[in-house]
Amino acid sequence: MKKLAAQPLYKQVIREVMAAVEAGEWHDEESLPSEIELGVRFGVSQGTVRKALDALVSEGILYRRQGVGTFVAGMNDFLARGQFLLLSGDDGLVPRIELLGCVRIHAGEQLADILGLRRGATLWQVRRLLRIAGSVVGLEEMLLPEAGFPNLDIRRIRELKGNLRELCWRDFGIRLRDGEVRYRAVAASQSEARLLAVELNEPLLQLVRLARDFEGKPQVWSVAWLKTDTLAFEPAQYA
């Protein structure tokens, strides 16, 4: 491992592991070598390796299975892999994704600031519905810069069931890491009320996420609105 004097060892290990993942040395859902083996490979202690892996787990790039090992996290769709639980306590229900469309819009000041773009920059707006047993339970809007993802094809998005995380990697070579999810209660606007078939100002659960690439650059801004009057949303958990 090429050492950078100004960088802590564990951060150098992070860089090397991320480079190996990006290069396809370890594939999605594949286990990494043991901490001892990685320590030998990178010329560092097992404790340094563990600290690096801990950081990558917290970023959602890796995950652990107790007593089994550390694995590369797949390009999972956050909402599609989640479950909607009946308030009665019955088993969870996985939503079906319905793609609404993919259009170009221009970034306002707030979105431009979030994505590190100039005001007025062209964005792709991808919208989709989540259904349970045919009924709409959620709406998601995802925004990403056209400059980084030229010629985005709605047919390709539909083929991947709206999974932009997978599309960014497979078609554009940009691997996204999970961002923090922020939850809050909001009132339905006219647009959300129409698409979710609820009353104007009806309470909804809003989920906001910003996905970044391995270099920390903002890539995809996502906002989802969920109906939770009879269902509770539970994010997927790794085993």
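Residues numbered from 1 in each chain as written. Predicted model: local features only at pLDDT ≥ 70, side-chain atom pairs only at ≥ 80, totals over all residues. Heavy atoms only, no water.

**Some points on helix 2 (residues 35-42)**
Here is step 1: What helix 2 keeps buried is the set E35, L38, G39 and F42. Take helix 2 and look down its axis: the buried residues cluster within an arc of 105°, on one side only. More than 90 degrees from the buried face of helix 2, the exposed residues found are I36 and V40.
Here is step 2: Lining the buried residues of helix 2 we find helix 1 (9-22), helix 3 (46-58) and strand 1 (62-65).
Here is step 3: Backbone geometry just after helix 2 places G43 at a positive phi near 70°. (Buried < 20%, exposed > 50% of the residue type's maximum accessible area, 1.4 Å probe, protein only. Helix = DSSP H or I, 4+ residues; strand = E, 2+ residues; numbered from the N terminus. Arc of directions from axis to C-beta. Contact = heavy atoms within 4.5 Å.)

**A few points about the UniProt feature "domain: HTH gntR-type" (unreviewed entry) in the protein**
Here is step 1: The UniProt record marks residues 7-75 with the feature "domain: HTH gntR-type" (unreviewed entry), using the residue numbering of this structure.
Here is step 2: Between the C-alpha atoms that bound residues 7-75 the distance is 29 Å, and the span itself is 51% helix and 12% strand. (UniProt positions renumbered as here; feature names shortened; annotations may be inferred.)

**Side note on helix 3**
Here is step 1: For helix 3, which comprises 13 residues, the first-to-last C-alpha distance of 18 Å matches the rise-based estimate of 18 Å (1.5 Å per residue) to within 8%.
Here is step 2: Buried within helix 3 are the following residues: T48, V49, A52, L53 and L56. Seen along its axis, helix 3 keeps its buried residues to an arc of 130°; they face one direction.
Here is step 3: On its buried face, helix 3 sits against helix 1, helix 2, strand 1 and strand 2 (69-72). (Expected span 1.5 Å × (residues − 1).)

**What about the packing of aromatic side chains?**
Here is step 1: Evaluated as defined, the whole model comprises four aromatic pairs.
Here is step 2: Between F149 and F172, the ring centres sit 5.1 Å apart and the planes meet at 80°, which makes this aromatic pair edge-to-face. Placement of F149 in the loop between strand 6 (135-145) and helix 6 (154-159) and of F172 in helix 7 (residues 164-172) is noted, with a sequence separation of 23 residues between them.
Here is step 3: Judged by its relative accessible area of 0%, F149 falls in the buried class.
Here is step 4: Taking NZ or CZ as reference, R65 lies 4.3 Å from the ring centre of F71, over its face.
Here is step 5: The side chain of R175 reaches across the aromatic face of W169, ending 5.5 Å from its centre. (Phe/Tyr/Trp six-rings, centres within 6.5 Å; stacked < 30°, edge-to-face > 60°. Lys NZ or Arg CZ within 6 Å of the ring centre and 35° of its normal.)

**What about the nonpolar core?**
Here is step 1: Counting residues in hydrophobic clusters, the biggest one holds 21 residues, and the most contacted among them are L111, L123, L139, L196, L204, W221 and W225.
Here is step 2: Of all the secondary-structure elements, those providing two or more residues to this core are helix 5 (109-115), strand 5 (122-132), strand 6, helix 8 (190-196), strand 9 (203-213) and strand 10 (218-226).
Here is step 3: Each residue touching W221, except ones within four places of it in the same chain, is listed here: L111, I114, L115, E141, M142, L143, V208, R209 and L210. (Core = buried A, V, L, I, M, F, W, Y, C linked by side-chain atoms within 4.5 Å.)

**Things to note about the pairing of strand 10**
Here is step 1: Along strand 10, nine of the nine residues are buried, which leaves the element largely enclosed by surrounding structure.
Here is step 2: Examined bridge by bridge, strand 6 and strand 10 share six bridges and lie antiparallel to one another. Bridging from a neighbouring strand, E140 pairs with A224 of strand 10.
Here is step 3: Of the strand pairs in this sheet, strand 9 and strand 10 are connected by eight bridges, and their pairing is antiparallel. Each residue of the ladder has a partner; that of R212, found in strand 10, is P218.
Here is step 4: Taking the residues that link successive antiparallel strands as the turn, the strand 9-strand 10 hairpin has four residues, and the phi of G216 there is positive, at about 90°. (Pairing = 2+ DSSP bridges.)

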